[in-house]
Each structure stands twice: as C-alpha cells, then as structure tokens.
Amino acid sequence: MKTIRTTAAMVDWSRTLHREGVTIGFVPTMGALHEGHRALIRAARLACDAVVVSIFVNPTQFGPTEDLSKYPRQLRLDRALCRKEGVDAIFTPTTAAMYPQGSQTIVTVPSLARRWEGDARPHHFQGVATVVTKLLSLVRPDTSWFGQKDFQQAALVQQLVKDLNLPGRVVVHPTVREADGLALSSRNVYLSTQQRRAAPVLYRALHAGASAIWNGERRGADIQRRMARILATESLATAEYLAVCDPSTLEPLKTVQRHAVLLGAVRIGTVRLLDNMLVAVRREP
Ligand code: PAF
C-alpha cells in the first residue's frame with residue numbers, strides 16, 4: 001500500500017492510473033477509522049479497480065471551541081486497517097499542503113448548510129465543502145463514498161458535486177450500527193461506560209418517529225413530539241434537535257407525504273451524537 005503525502009503526488013498517482021484505464025474509488029476520512037469506514041472501503045473495493053483513502057483532520061471544519069486538538073488521531077492503526085482491507089493508497093497530506101499560505105477560496109452551499117448542524121456549528125459546512133472540493137479535485141475519483149450517518153453532509157456533498165461538476169459519482173452508504181442501534185462514529189470513543197449505555201436513546205427516538213409514520217401518522221409536529229418523548233426518558237441525553245424533514249431540501253415538513261428524513265443530534269456529557277433515519281411512506285394496498 002502506497003502512502004501519498006503531497007498534493008502533487010496525489011494528482012500524479014490518479015493521472016497514471018486513469019491513463020492505464022484503472023477506475024479509482026475514493027473514501028475521504030479524518031482517520032480514527034472504525035467499522036463504518038471499513039464498510040465504505042469494502043464497497044469501494046467491490047466497485048472500483050483501485051481504492052484510495054484520505055486521512056486528513058480538516059481544521060477548517062472545526063469551530064474555535066470544538067475538539068480539533070483532541071480529535072482522535074491513530075495513523076498507525078488506520079494504516080493497518082487500510083492495508084488489511086486491500087486499500088491501494090492512503091493520502092495523508094499536511095495542513096500546510098492542503099491550505100498553503102495565501103489560500104483564500106471558500107466553498108459554501110448556503111441553503112443545505114443553513115439549518116441543523118449548520119446552526120449548531122456555524123462554519124462547519126463551509127470547511128467541509130471546501131476540503132471536499134479540494135480532495136475530489138486532487139484525487140479525481142470515478143466514485144467516492146460518504147456515510148449516511150452524516151446525512152446533511154452527504155446531501156451537501158451531492159449538491160456540491162453537481163453544482164461544480166466535480167469528478168466522479170457520489171455514493172451514500174447506509175449507516176453502520178452497534179447491536180443496540182448506536183450509529184458508529186469516531187466520537188463514540190469519548191463516551192464513558194455510563195454514557196455509552198445511554199447513547200442508543202437517539203436511535204430509539206428516531207425509530208419511534210419512523211414507527212409513527214409507518215402506522216399512519218403524517219403530522220410533522222406529532223412525529224417530532226413522539227421522538228422527543230423517547231429522548232426525555234434518558235436523563236444523560238439532551239436533545240439539540242429532532243426534526244422531520246424533506247430528504248432533499250432538509251426543510252422541516254408540516255406533513256409527511258412520500259418521504260421524510262428524521263434528523264437528530266443529542267449531547268451526552270460533552271459528546272455530540274448525530275443520527276438520522278430515512279422513511280418512505282407505505283402506499284395503500
Ligand atoms: O466525514 C468526514 O470524515 C469529513 O467531514 C470529511 C468528509 C472527510 C471531510 O473532512
């Protein structure tokens with residue numbers, strides 16, 4: 001497995017493979033790889049001839065009071081996981097390589113970034129949009145994979161790729177969960193034993209919202225209340241938002257018609273957890 005450290009070497013690698021007719025699958029990450037990432041890598045492996053994983057903790061998507069310095073970094077373990085999964089190359093640029101002195105350009109996707117995570121983390125999505133634009137321009141993949149766990153991020157990336165004609169197809173891979181429903185996330189390592197026990201309440205709340213829809217409830221406010229009621233049963237968890245939204249615009253739905261995405265963010269101690277559930281309305285027989 002090759003380690004690519006510079007942007008120039010990344011462009012060269014991609015160009016050489018494309019010239020040989022090799023298809024490139026790309027999994028962008030910030031490291032601290034877990035089973036969720038492994039699932040993305042395996043999907044990429046199946047679909048493309050060569051797979052590259054980027055490992056870059058992107059400073060521009062962290063706010064001034066967020067956990068950039070504490071974000072888990074474990075390059076040795078990440079490298080081992082990638083090697084075991086047959087990854088062809090890892091791209092590990094430095095911050096100076098990605099943001100050389102004098103860089104100014106910022107990419108924004110205003111409407112999709114406005115609510116939910118955008119409210120809670122004001123500059124987060126412009127950091128994500130900017131780094132994803134740069135990564136896709138350097139790697140020039142045929143296909144890239146993003147996890148559904150970060151639903152708003154995945155929606156924004158799809159819009160970004162379409163609007164800017166960035167290279168490759170975007171595939172959103174279903175969330176990988178623990179047996180008790182907790183969505184896998186690099187931040188789960190911060191949970192104490194007691195907090196870890198409390199954490200699946202978010203999944204249960206979303207599931208209660210989805211069940212309400214499957215059982216015929218269509219009013220967004222009532223579905224939202226059902227989710228909030230479940231969340232309130234766990235004293236360690238505080239809801240930041242629980243919302244019933246249109247899956248393409250992420251705007252709140254007064255009435256669910258065909259599809260909805262249930263979005264949730266909770267705080268457990270100092271850890272913020274995100275999750276979501278896509279729900280299709282059952283057609284009458
Ligand atoms: O989801 C992540 O790990 C990051 O937001 C991403 C897409 C790699 C951009 O830094």
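Everything below is about the structure shown above.
Quick caveat: nothing in here was measured; it's all calculated off a predicted structure.

A.B. asks: Residues and numbers for the overall build of the protein chain, please.
C.D. replies: Of the regular secondary structure elements, the protein chain holds eleven helices and nine strands. Its C-alpha atoms give the protein chain a radius of gyration of 19 Å, within 12% of the compact-globule value 19 Å for 285 residues. Counting only C-alpha atoms and orienting by the principal axes, one finds that the protein chain spans roughly 55 × 45 × 40 Å. Sorting the 285 residues of the protein chain into buried and exposed places 52% on the buried side. Contacts in the protein chain between residues at least 24 apart in sequence constitute 73% of all its contacts with a sequence separation of at least 6. Only carbon and sulfur atoms are counted for the fraction: they give 51% of the accessible area of the protein chain, which is about 14200 Å². For the protein chain, the centre of its 37 positive side-chain charges and the centre of its 24 negative side-chain charges are spaced 1 Å apart.

A.B. asks: I'd like a rundown of the site of the ligand, residues and numbers included.
C.D. replies: In the neighbourhood of the ligand, the contacting residues comprise Pro 28, Thr 29, Met 30, Asn 58, Gln 61, Val 131, Phe 146 and Gln 153. Gln 61 places a polar side-chain atom, nitrogen or oxygen, 2.6 Å from an oxygen atom of the ligand. Contact between the ligand and Gln 153: an oxygen atom at 2.7 Å from a side-chain N or O atom of the residue. Its free accessible area being 290 Å², the ligand has 88% of it covered by the protein chains.

A.B. asks: Lay out the sheet that holds strand E9 (residues 271-280) in plain terms, naming residues and giving numbers.
C.D. replies: Strands belonging to one sheet form pairs held by backbone hydrogen bonds; the direction of such a pair is parallel or antiparallel. With antiparallel pairing, the three strands of this open sheet are ordered in space as E7-E8-E9. Two strands in the sheet have a free side with no partner beyond their single neighbour: strand E7 (237-245) and E9. Sheet twist, expressed as the average angle between the axes of neighbouring strands with direction ignored, equals 15 degrees. With eight bridges joining them, E7 and strand E8 (residues 259-268) adopt antiparallel strand pairing. Pairing of Ala 239 across the sheet is with Val 266, part of E8. Helix-sheet contacts for helix H10 (residues 201-214) involve E7, E8 and E9, and the interaxial angle to E9 is about 20 degrees.

A.B. asks: Break down the pattern of salt bridges for me, with residues and values.
C.D. replies: Across all of its chains, the model carries 17 salt bridges by this definition. Linking Glu 217 and Arg 219 is a salt bridge whose minimum nitrogen-to-oxygen distance equals 3.0 Å. A single network of salt bridges, built from pairs that share partners, joins Glu 217, Arg 219, Asp 222, Arg 225 and Arg 226.

A.B. asks: Explain empty space enclosed by the protein to me, using residue names and the numbers behind them.
C.D. replies: One pass over the full model with this rule turns up one cavity of 30 Å³ or more. Its boundaries defined by the atoms lining it, the largest cavity holds a volume of some 70 Å³. Listed by contribution, the elements that provide at least two residues to the lining of the largest cavity are H10 and E9. Of the residues belonging to the lining of the largest cavity, the class tally is eight nonpolar, three polar and two charged.

A.B. asks: Just give me the short version of the nonpolar core, but keep the residues and values in it.
C.D. replies: Formed by 44 residues in total, the largest nonpolar core has its most connected members in Met 10, Trp 13, Val 52 and Val 132. In terms of residue count, helix H7 (residues 124-139) provides more of this core than any other element does, nine residues in total. Dropping the residues within four chain positions of it, Val 52 is found in contact with Met 10, Trp 13, Ile 24, Gly 25, Phe 26, Val 27, Ala 89, Phe 91 and Val 139. Within the second largest apolar cluster, 26 residues are counted, among which are Ala 210, Leu 231, Leu 253 and Leu 262.

A.B. asks: Lay out the layout of surface pockets in plain terms, naming residues and giving numbers.
C.D. replies: Reported here for the second largest pocket is a volume of approximately 240 Å³. In terms of lining, the second largest pocket is formed by 13 residues, of which the most central are Thr 60, Tyr 99, Thr 105, Ile 106 and Thr 130. Residues of the lining of the second largest pocket, tallied by class, amount to three nonpolar, nine polar and one charged.

A.B. asks: Got a sec to walk through the packing of aromatic side chains? Specific residues and values, please.
C.D. replies: For the structure shown, the criterion picks out three aromatic pairs. Seen in terms of ring centroids, Phe 56 and Tyr 99 are 6.4 Å apart; in terms of plane orientation they differ by 40 degrees. Their pairing is tilted. Here Tyr 99 lies in the loop between helix H4 (95-98) and helix H5 (110-113) and Phe 56 lies in the loop between strand E3 (50-55) and helix H3 (75-84), a separation of 43 residues in the sequence. Each member of the pair, Phe 56 as well as Tyr 99, carries the same accessibility label: buried. Consider the rings of Trp 116 and Tyr 241, whose centres lie 5.4 Å apart with planes at 50 degrees: the pair is tilted. Of the two residues, Trp 116 sits in the loop between H5 and helix H6 (117-120) while Tyr 241 sits in strand E7, which places them 125 residues apart along the sequence.

The rules behind each value
- Residues numbered from 1 in each chain as written.
- Predicted model: local features only at pLDDT ≥ 70, side-chain atom pairs only at ≥ 80, totals over all residues.
- Heavy atoms only, no water.
- Helix = DSSP H or I, 4+ residues; strand = E, 2+ residues; numbered from the N terminus.
- Rg over C-alpha atoms; globule rule 2.2 N^0.38 Å.
- Buried < 20%, exposed > 50% of the residue type's maximum accessible area, 1.4 Å probe, protein only.
- Contact = heavy atoms within 4.5 Å.
- Areas by Shrake-Rupley, 256 points an atom, 1.4 Å probe, with all protein chains shown as cover.
- Lys, Arg positive; Asp, Glu negative; His and termini not counted.
- Charge placed at Lys NZ, Arg CZ, Asp CG, Glu CD.
- Near = heavy atom within 4 Å.
- Polar contact = N/O pair within 3.5 Å; in protein donor to acceptor, adjacent residues only side chain to side chain.
- Pairing = 2+ DSSP bridges.
- Axes fitted to C-alpha atoms, helices over the stretch in contact; angles between N-to-C directions.
- Salt bridge = Lys/Arg side-chain N within 4 Å of Asp/Glu carboxyl O.
- 1 Å grid on protein atoms, 1.4 Å probe; cavity = no way out; pocket = protein on both sides within 12 Å on 5 of 7 lines; lining within 4 Å.
- Points joined across faces, edges and corners; volume = space filled by probe spheres on them.
- Nonpolar A, V, L, I, M, F, W, Y, C, P; charged D, E, K, R; others polar.
- Core = buried A, V, L, I, M, F, W, Y, C linked by side-chain atoms within 4.5 Å.
- Phe/Tyr/Trp six-rings, centres within 6.5 Å; stacked < 30°, edge-to-face > 60°.

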